[in-house]
There are 4 protein chains.
Amino acid sequence: MVGYAFMGAAHSQGWRTVGRVFDLPLRPAMNAVCGRDRDAVAAAAARHGWAAAETDWRRLLDRADVQLVDICTPGDSHAEIAVAALAAGKHVLCEKPLANSVAEAEAMAAAAETARARGQRAMVGFNYRRTPAVALARRMIRDGRIGTLRHVRATYLQDWLVDPEAPLTWRLRREQAGSGALGDLGAHLVDLAQYMAGERLAGVSAVTGTFVRERPLPTGGLGTVTVDDAALFTGRFASGALASFEASRVAAGRKNALRIELNGEHGSLAFDLERLNELSFHDHTEPAVAAGFRRILVTDPGHPYLEAWWPPGHGLGYEHTFVHQARDLVHAVAAGREPAPSFADGLQVQRVLAAVEDSAATNCAYTPVPESAPAPVPGSAPVPVADIPT
Amino acid sequence: MVGYAFMGAAHSQGWRTVGRVFDLPLRPAMNAVCGRDRDAVAAAAARHGWAAAETDWRRLLDRADVQLVDICTPGDSHAEIAVAALAAGKHVLCEKPLANSVAEAEAMAAAAETARARGQRAMVGFNYRRTPAVALARRMIRDGRIGTLRHVRATYLQDWLVDPEAPLTWRLRREQAGSGALGDLGAHLVDLAQYMAGERLAGVSAVTGTFVRERPLPTGGLGTVTVDDAALFTGRFASGALASFEASRVAAGRKNALRIELNGEHGSLAFDLERLNELSFHDHTEPAVAAGFRRILVTDPGHPYLEAWWPPGHGLGYEHTFVHQARDLVHAVAAGREPAPSFADGLQVQRVLAAVEDSAATNCAYTPVPESAPAPVPGSAPVPVADIPT
Amino acid sequence: MVGYAFMGAAHSQGWRTVGRVFDLPLRPAMNAVCGRDRDAVAAAAARHGWAAAETDWRRLLDRADVQLVDICTPGDSHAEIAVAALAAGKHVLCEKPLANSVAEAEAMAAAAETARARGQRAMVGFNYRRTPAVALARRMIRDGRIGTLRHVRATYLQDWLVDPEAPLTWRLRREQAGSGALGDLGAHLVDLAQYMAGERLAGVSAVTGTFVRERPLPTGGLGTVTVDDAALFTGRFASGALASFEASRVAAGRKNALRIELNGEHGSLAFDLERLNELSFHDHTEPAVAAGFRRILVTDPGHPYLEAWWPPGHGLGYEHTFVHQARDLVHAVAAGREPAPSFADGLQVQRVLAAVEDSAATNCAYTPVPESAPAPVPGSAPVPVADIPT
Amino acid sequence: MVGYAFMGAAHSQGWRTVGRVFDLPLRPAMNAVCGRDRDAVAAAAARHGWAAAETDWRRLLDRADVQLVDICTPGDSHAEIAVAALAAGKHVLCEKPLANSVAEAEAMAAAAETARARGQRAMVGFNYRRTPAVALARRMIRDGRIGTLRHVRATYLQDWLVDPEAPLTWRLRREQAGSGALGDLGAHLVDLAQYMAGERLAGVSAVTGTFVRERPLPTGGLGTVTVDDAALFTGRFASGALASFEASRVAAGRKNALRIELNGEHGSLAFDLERLNELSFHDHTEPAVAAGFRRILVTDPGHPYLEAWWPPGHGLGYEHTFVHQARDLVHAVAAGREPAPSFADGLQVQRVLAAVEDSAATNCAYTPVPESAPAPVPGSAPVPVADIPT
C-alpha cells in the first residue's frame, strides 16, 4: 500500500478484515506499506498491521512478496505509481478519482489494458459501489424493477468548508487534488449514477463556484484556494434520461450526504449514505392505494455481501465498503477476471469530470462526453461476480 | 371568481373559511362565480357557496357587488381577464403562473401598476408562500439564522404522467398551459426560492424533456404532447449563491414533493410539502457535538398564521394555504397596502421561466434573467405584514 | 351545538364544510349554538356561523329546528345533556370521553338504546377514526393484510404540562374532567386500538402518575392537581394479542404524538398523528430482500374520504377529521343506520378506562374489563358505511 | 474466548480491531479460543485469528498466556465458567445476560467481588452502552440536558419468530437460555434504561406471552417452546419516573428495533439501534418557535469513541460496539479500575428480569426489585473513563 492517511487507514481495515469474514480463494498478506516520512510510516505500519515499511514506492515494485499495489496517495501521483506498478507486473488498486487529468487517466487505462494481456488486474476504488444498499439497488435495476429510466438525482454534500477559517490543505490546491468538490465528491456521484443506471452520460452542463477564495495556510498566512467549493451539473444519458448532480463542501449540516434517487417507469429507488443500511424503493406497479416508498433495511442474508455478516438489523458502517472492495478484487485476481470498475471505467468518469469543467468554463454550454471506445457499458454485458455480489 | 375546477374549489374553501378563523378588517362575501357551462357553474355555485353564477366573466366586471376578481382559469385567459378587471376598477387575485408569456405578464404588470395609483390591489396566487413552515423559514432567513446564502436546492416532483396512458388534457397543450412541469411546478419553485432567499436569480442554465410524446385524447385517438414533462435548471443568485431546480411529472412515487433546502454560512433550512407541518433547521453556530437538523413542528401559536388555529401538533393541510392567502389579501386591501407577490413579482418569475426555456433551446447556454425595473428585491425593503405574517 | 371552545370551533368547521366537499343525502343547517355567557356565545355564533345563540342548553331541546345536538362541553355535563336530548327526540353527537364515570356512560348508553327504537342516532366523537390513514389501516386489517394480531403499541404524548407553571385549568380537576391524560388522550388510544384491531381488550394492568401536584390557579394562588399527568398500561386482547399504552402530557417535545403500531403474523401497520397523511405498512408476505415498511401517502382518491378532496400529495389536516365525522353521521341519520362509534362503544371505552384506574389503585393488578352485553365486537359484524368509508 | 458462534465472531472482531484504531495502554493478544467440537473450533480459530484452539474451557484457565477469559457461550454455562475463571485469577468478560437465574448471578457477583480484591476485573457485555449515540446520550443526561426524568420508553423488537416454522433452537429452551425475548432483548433494555437514566428501577409490572407453542426441532418433529416470545412491562424508577418496556421476537418488519426515549423536564432524547449513528434530541429550554427534535449525526470527533474513527458522516456499524467494549475493558484492566457494567450491575439487571417474571406469574402484580446492596447507582459516583468515553 502506498499512502497511509485517511484512505490508507480505511484500506488497511479492509485488507485486515476481509479474510476473517469472507471465504476467499486467496489470502491477502499485508506485507509492506510505503510513505515518505520514515518514522511516520513505521508507526503507521505498526498501527495498521503492515509487516514492513518503505519510504520509496519504487521499492515496493522490487519486492517479490508484493503482488498487488494499493495506491492511497493524492491524485497527482496516481498515474506515475500505477503505470510503474503495472509495468512491474503488479496488480493495482487505485483510489478515486483515477487521476487529475484525462491525459493521465488515458495513460493509466492504456497501461492497464496492456497489463491485462499479461493477466494483471487494475481496479479503481469507487468503494461506494460496495455498499450493500447500492449493490442491491443495482441488482434491482438490472432486474427491471424500476423499468425505463427517466431521472437520476444525485447530491453529495459536506460542510467542512463552511467555516472560512478552515485551513488550506492539499485538497484545496488544484495541482495536487485536480479539482475540489468535483473530483472528490462529484467523481463518486458520476460513478454511482452510471453504475446504478447501467448506462453512461452523453453530456453535461455545469456551473461551479468557490465561495471562500483565501484561507489560512497550515504554515501561517493566507493562501489562495484554486479548486471549486461546489459543482452543479445537469446531464443527459444516452437513453434520454435526465440527471442532476451537485457536489458541495459548504452545505451546512450535511456531513456526508451522498444521496441518489432514480425514477423509472415502473418504480424508483433512493439511497442516502448517511443512512447506509437502508434503501428506499417505490414499486409503481402496485395498486396506488397501497403503494409508497418502502425502507428496505439492507441487512438480510439475501442482500449483497450480507451473507457473511450479522443477523438482520445489525447494520454495517462506512469502512465495510473497503472490506467488500478487497473481497471483490481478491475474487477477480483469483479468477483471472476483469474487476469493476476498471481503469477504463475510471477514465470515463474522468472524461465526465473534464466535460463538467469545460462546460463551467463556457457559460454552462452543453458539453458532450467523448465516448470511451473499448469499455462496455456496465450492465449491457454479463455482469461479473465482483460487480454485483450475489 | 372565474373558474371553478381544482383551483376554484380550493379558493372557495379559502374565502369561505377565512373569516371564521381570522379576525379580519373586511368581511369577504362570495357573491358570484363564473364559468362557461351554465349548468356546471350553477352546480359549482351551489356546491361551493357562491350566491350567483355567471357564464361570461365580463358580467362580473359590471356587478357593483364584485370588488375583487379571483382568476382560477388556465393560463391562456389570465391576461385578458386581469387587464379588463383592473380596468373596471376591481382588485384582482390571479392564479399562478401569472401568464403564458412574458409579453402577457408585462401587460398585466403594467395594468396593475396603473391600477395601483387608483388604490386597486393585484396579487399572484403563489399560495405556498402561505404555508406556515415556509413563512417561518422566510422569517428565520430574514432574521439571519442561516447567514450568507450559499445554496438553494429545489425540486417539485409528481408522478401523474408516469403512466403513458394518462390522457392528454389542457395541461399538456402549450397553447393553453404555456408550458408543462416548468410553468405548473417550476413557477412555484422559482417563486419560493426567491421569496425564501430574499433575492433574485441572475441567470439560469436549463434542460427540458418530454418522455411520452403521444397520449390518448379525451375525445379518442392520440394527440401530441407540446409541453415538457420535466425541466431541470441551475441558477445563480446575484449574491453568488448557486441553485438547482427540478420540476417533473414523471418521478414515480413522488406525489407532491416540493422540497427546498437553503444552505447558508450559519445554518440550513429544509422544507418538504409532503410534510407541510414541518420545517427542518440546522443551526451551524451550535457546538458540533450537539448540532443537527431539527424537525420544527410548525404548529405553535408563535408560528406564522398559527395563532388562529389549533393547539400545537394539530396540523394543517394543503387548502389552508388558500385561507391564508385570502387573509393576507384582505388585509392588504383594507390597509391600502401592496400585497405580495405582486404582478411585478409574477412577471419576474415569468422572465425566469422564459430564460429557462431559452436556455433549454440553446444547448443549456447560461441565460441572464432581465431585470424587472421597478420591483424591489423582496426582503430588501421593509417586509409588509401580508408578506411575513406575525 | 353546546359549547364553543376548542372542540366547538373544530365541530363548527366540520359542519360548515361537509356539504361543500361531500355529496350528502341531507343538508346540515347550523341553527343554534349554546353557551352560558350571553356575549361570548353571541360572538361565537357570529364567528363560527351559527344562526342563533342560546344560553341554556335546554332551550335547544325545545327548538323544532334542532334535530341533532352536538355536545362539545367538558365531560361532567355530557350525561345530563345527552340523556335529555335523546329524551327530547334529538339525534346526539357527544364528544369523547363519553362521560366521567361508567355509571354516567351506562345511563347514556341505555338512553341511546331506547332512543334507537325511535329512530334516533347517537354517536361518540372519536374523531381520529376519521383520519384517512386510520380508516385505511382499519380497512387493510379487515382485509387480512396483517393477519393474526400479535401486538398493539400505542402512545399519545403531549408536553403542555412539562412546565410546572402551566396553569390549573378544568382539565386538571377530576370533578370536571374525570381524569387527566387517561381520559383525554388514553380514551383515544383505547378506541383506536380496538377499532383498528377489530377486537376488544379483555383486561389491563396500569400505573399512573402526577409529577406536578400544585399548579397556579387562573384566579391566583396555587391549586391541587387531582388528575393524572400520565397513564401507562398493558392489556390483553381476547385473541391473546398483547398491547401497551401510554398517555402523557409531560413528554417534552412531543406535541400531539398519537402513535399506534399493530404487528400481525402477515404484516404490520404504524400511524403517527403528527404525520397524519401517512400510513406505514410492512407486508411480511413479501420476499425478505425487498420487504420493509413503506410510507403510504394517504392522499389517493382510492383512500377513505379522499375521493372528495385534492389531488394526490395535497394533504389534509387535523380539522378534516371533524368534516368526515359530520359526513358519516349525516349518512347514518339519513339511512336510519346505527353510527359508529355508538354510545355502547363509548361505554365500553369508559369501562376500559375504569379498569385502568382500578388497576393503578391496586398495585397494577391485572383487571378484567367487564363485557358490554349487546354491543357487537367492531368488525365481527358487517361493517357499516359510516365505519369504513369507501 | 469461550464460544465462537455469533457473539464469538463479534467479540473476535472487537479484539482484532481495537489496537488498530485506538491507542491502548496494553496490547490484547488473541491466544486461544475454546469450543467443544475439535474441528469446528480449529476452523473458528483460523477464521477469526486465534492462535490456539481448546476443547475444554478449563484448559484456558491453566494457560499462563490467558489473562482474560471472554465468555460467549449460552447463559446456562456463564456462572460455572466465570466463577472458575475468577478463581483461577483471570479477568473475565461475560456476555449478557449475566446468568440464567438470580442465584447464579449472585454467585458470580460474589466471585467478582472477591477477585476484585486481588486486582481482577469482571465486566458484563452490555455492548450497546458502547454505541457512540448511547454514550453521548448518557453524557448529555449526566450534564443535565434533559433535567428531571419523567419517562423512559423502551422497546426492542425483532421478527425472526413471526414465522411459525422457525426452528426450535437453544434460544427457545428455558434450560439453556433462561428466558426468551425477556433475557435476550429485555436485558439490554433494562441495562440501557438504567444506564442512560443514571438510576435504577424500583419495581415492575409485567405480562409475557408465547404465541407459537410448538415449533419444528432441528432434529425433526415438533418441540415445545418453553420461553416467552414477548415481554411487556411497566416500571417505576426510585425518582418517580415512569417507564415502559417491550421486548418481542414477533414484531413483523422490525429487525433489530431497539428504541429508547427519555423525557425530562428540560428535554428529551431518543435512540433507535436501526439508525445507530443518530441521536434525537429535543431541547425544551429553547423558544418554542424554533424547538424540535434534532437529529445529531453521532460521527463527530467530539463524540464518544469517534476521535479514533472516520470523518463526520462516515458511520459505524453494529460490530464497533465490541471494539469499544474491548477498548474500555483494556483501559480498566490497565488502570486497575472497576469496569462498568460490573458483575454487580449484571446481577441487578438479573433481579429486574426475575421481578418481571414474578409479576407476570402473579397477574401483573407490582413487584419491587430487591436492592443490590453495595453497587452504587450508576452516575451517582464519579463516572470512570471506561463508562463515559471522552
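Residues numbered from 1 in each chain as written. Chains lettered and ligands numbered in written order. Predicted model: local features only at pLDDT ≥ 70, side-chain atom pairs only at ≥ 80, totals over all residues.

1. Structural notes on the overall build of chain A
Argument step 1. A count of helices and strands for chain A gives 10 helices and 16 strands.
Argument step 2. Computed over its C-alpha atoms, the radius of gyration of chain A comes to 20 Å, within 12% of the 21 Å expected for a compact globule of 390 residues.
Argument step 3. Across its three principal axes, chain A shows a C-alpha extent of roughly 65 × 50 × 40 Å.
Argument step 4. When burial is assessed residue by residue, chain A has 64% of its 390 residues classed as buried.
Argument step 5. Across chain A, the fraction of contacts at a sequence separation of at least 24, relative to all contacts at a separation of at least 6, is 69%. (Helix = DSSP H or I, 4+ residues; strand = E, 2+ residues; numbered from the N terminus. Rg over C-alpha atoms; globule rule 2.2 N^0.38 Å. Buried ≥ 20, exposed ≤ 12 C-beta atoms within 10 Å, placed from the backbone. Contact = placed C-beta atoms within 7 Å.)

2. Examining the sheet that holds strand β4 (residues 91–95) of chain B
All names here are of chain B.
Argument step 1. One open sheet accounts for three strands, arranged β3-β4-β5; its pairing is parallel. Unpaired on one side and paired on the other, β3 (68–71) and β5 (122–125) mark the two borders of the sheet. Taken pair by pair, the neighbouring strands of this sheet meet at an average axis angle of 15°, ignoring direction.
Argument step 2. Two strands pair when backbone bridges link them, and β4 and β5 are joined in this way by four bridges, in the parallel orientation. (Pairing = 2+ DSSP bridges. Axes fitted to C-alpha atoms, helices over the stretch in contact; angles between N-to-C directions.)

3. Here's the deal with the interface of chain D and chain C
Argument step 1. Between chain D and chain C, the residue contacts involve 33 residues of the former and 33 residues of the latter.
Argument step 2. Elements that contribute at least two residues to the side of chain D that touches chain C include exactly β6 (149–157), β7 (201–209), β10 (230–237), β11 (242–248), β12 (257–264) and β13 (267–272) of chain D.
Argument step 3. Class assignment of the residues belonging to the side of chain D that touches chain C gives a composition of 13 nonpolar, 15 polar and five charged. (Nonpolar A, V, L, I, M, F, W, Y, C, P; charged D, E, K, R; others polar.)

4. Some thoughts on the interface of chain A and chain B
Argument step 1. Each side of the interface is counted separately: chain A has 33 residues, and chain B has 33 residues.
Argument step 2. The set of elements that each furnish at least two residues to the side of chain A that touches chain B consists of β6 (149–157), β7 (201–209), β10 (230–237), β11 (242–248), β12 (257–264) and β13 (267–272) of chain A.
Argument step 3. Of the residues that constitute the side of chain A that touches chain B, the class distribution is 13 nonpolar, 15 polar and five charged.

5. Structural notes on the relation of the copies chain A and chain B
The operation linking the two copies of the chain is a rotation about an axis combined with a translation along the axis.
Argument step 1. Taken as rigid bodies, chain A and chain B are interconverted by a rotation of 180° and an axial shift of 0.0 Å, the fit giving an RMSD of 0.0 Å. Considering both components of the superposition, the chain copies are consistent with a two-fold axis. In terms of proximity to the rotation axis, the leading residue of chain A is A:A365, whose C-alpha is 2.4 Å off the axis.
Argument step 2. Taken as a fraction of all interface residues of chain A, those also at the interface in chain B reach 100%, which identifies the copy contact as same-surface. (Least-squares fit on C-alpha atoms with pLDDT ≥ 70 in both.)

6. A closer look at unusual backbone geometry
Argument step 1. Here the amide bond leading from A:K96 into A:P97 is cis, since omega sits at -10°, within 30 degrees of zero.
Argument step 2. Structurally, A:P97 can be placed in the loop between β4 (91–95) and α5 (102–117).
Argument step 3. A positive phi angle, near 70°, is found at C:C364, a position not held by glycine.
Argument step 4. By secondary structure assignment, the location of C:C364 is in the loop between α10 (343–361) and β16 (367–368).
Argument step 5. On the basis of neighbour count, C:C364 is assigned to the buried category, with 28 C-beta atoms found within 10 Å.

7. With respect to the relation of the copies chain D and chain C
Argument step 1. Of the transformation placing chain D onto chain C, the axial shift is 0.0 Å and the rotation is 180°, giving an RMSD of 0.0 Å.
Argument step 2. Of the residues that chain D buries at the interface, 100% are likewise interface residues in chain C, meaning the two copies contact each other through the same surface.

8. A short note on the UniProt feature "domain: Gfo/Idh/MocA-like oxidoreductase N-terminal" (unreviewed entry) in chain A
Argument step 1. Per the UniProt entry, the sites bearing "domain: Gfo/Idh/MocA-like oxidoreductase N-terminal" (unreviewed entry) are residues 1–117 of chain A in this numbering.
Argument step 2. Secondary structure within residues 1–117 of chain A divides into 50% helix and 13% strand; the distance between the first and last C-alpha atoms comes to 24 Å. (UniProt positions renumbered as here; feature names shortened; annotations may be inferred.)

9. Some points on helix α4 (residues 78–87) of chain D
All names here are of chain D.
Argument step 1. What α4 keeps buried is the set H78, A79, I81, A82, A85 and L86.
Argument step 2. Residues of α4 that are buried in the fold lie against α3 (57–62), β3 (68–71), β4 (91–95), α5 (102–117) and β5 (122–125).
Argument step 3. Two residues or fewer past α4, G89 is found with a positive phi of approximately 85°.

10. Here's the deal with the UniProt feature "domain: GFO/IDH/MocA-like oxidoreductase" (unreviewed entry) in chain A
Argument step 1. With numbering matched to this structure, UniProt assigns "domain: GFO/IDH/MocA-like oxidoreductase" (unreviewed entry) to residues 135–269 of chain A.
Argument step 2. With 21% helix and 37% strand, the stretch residues 135–269 of chain A has end C-alpha atoms that lie 12 Å from each other.

11. Section: the packing of helix α8 (residues 181–197) of chain C against α10(C)
Two packed helices can be described by the angle between their axes and the distance between those axes.
Residue and element names in this part refer to chain C.
Argument step 1. α10 packs onto α8 with a crossing angle of 120° between their chain directions and a minimal axis gap of 10 Å. As the angle between them shows, α8 and α10 are arranged oblique. Read as a crossing pair, α8 and α10 show a hand that is right-handed. On the side of α8, the interface is formed by L182, G183, G186, A187, V190 and D191, while α10 contributes V349, V352, L353 and V356. (Parallel < 35°, antiparallel > 145°, perpendicular 65-115°, else oblique. Left-handed = near helix turned anticlockwise from the far one by under 90°.)

12. Here we look at the sheet that holds β4(A)
Residue and element names in this part refer to chain A.
Argument step 1. The sheet built from three strands is open, its strands ordered β3-β4-β5 with parallel pairing. Each having just a single partner strand, β3 (68–71) and β5 (122–125) make up the two edges of the open sheet. Averaged over all pairs of adjacent strands, the angle between their axes in this sheet comes to 15°, without regard to strand direction.
Argument step 2. Note: β3 against β4, four bridges, orientation parallel. Counted as the bridge partner of L68 is H91 from β4.

13. Looking at the pairing of strand β15 (residues 293–297) of chain D
Argument step 1. Here β15(D) lies mainly inside the structure; five of its five residues are buried.
Argument step 2. Every second residue of β15(D) is oriented toward a common face, with D:F293, D:R295 and D:L297 on one face and D:R294 and D:I296 on the other, all of them buried.
Argument step 3. Relative to β15(D), strand β15 (residues 293–297) of chain B runs antiparallel, the two being bridged by three bridges. Along β15(D), the bridge assignment pairs B:R295 with D:F293.

14. Points about the pairing of β12(D)
Residue and element names in this part refer to chain D.
Argument step 1. Counting buried positions along β12 gives seven out of eight residues, so the element sits mostly inside the fold.
Argument step 2. By the bridge criterion, eight bridges tie β6 to β12 in an arrangement that is antiparallel. Bridging from a neighbouring strand, A154 pairs with I260 of β12.
Argument step 3. Pairing of β12 with β13, which is carried by five bridges, proceeds in the antiparallel orientation. Across the sheet, the residue bridging to I260 is F271, located in β13.
Argument step 4. Between β12 and β13, which pair antiparallel and follow one another directly, the connecting turn spans two residues.

15. A closer look at the environment of C:V207
Argument step 1. Mapped onto the secondary structure, C:V207 falls in strand β7 (residues 201–209).
Argument step 2. With 25 C-beta atoms counted inside 10 Å, the residue C:V207 sits in the buried group.
Argument step 3. Excluding its chain neighbours within four sequence positions, the residues that come into contact with C:V207 are C:L232, C:A360, C:C364, D:S205, D:T234, D:R236 and D:L242.

16. Here we look at the packing of helix α4 (residues 78–87) of chain A against α5(A)
Residues and elements named next belong to chain A.
Argument step 1. Where α4 meets α5, the axes come as close as 9 Å, and the angle between the chain directions of the two elements is 15°. Compared by their axis directions, α4 and α5 come out roughly parallel. Between α4 and α5 the crossing geometry is left-handed. Contact residues: α4 offers A79, A82, V83, L86 and A87, while α5 offers E104, A107, M108, A111, A112 and A115.
Argument step 2. Across the contact of α4 with α5, the residue classes tally to 10 nonpolar, no polar and one charged.

17. Remarks on helix α10 (residues 343–361) of chain D
All names here are of chain D.
Argument step 1. In this model α10 runs 27 Å from its N-terminal to its C-terminal C-alpha over 19 residues, within 8% of the 27 Å that 1.5 Å per residue would give.
Argument step 2. For α10, the tally of buried residues reaches 16 of 19 residues, placing the bulk of the element in the interior.
Argument step 3. One or two residues past the end of α10 sits N363, with phi positive at roughly 55°. (Expected span 1.5 Å × (residues − 1).)

18. A look at the domain arrangement of chain A
Residues and elements named next belong to chain A.
Argument step 1. By the assigned domains, chain A splits into domain 1 (6–127) and domain 2 (131–316 + 343–368).
Argument step 2. With 20 residues of domain 1 at the interface, the matching set in domain 2 holds 21 residues.
Argument step 3. At the level of elements, α5 and β5 are the ones that each hand at least two residues to the side of domain 1 that touches domain 2.
Argument step 4. A total of six residues in the side of domain 1 that touches domain 2 trace back to one element, the largest contributor, which is α5. (Domains from an automatic or database assignment.)

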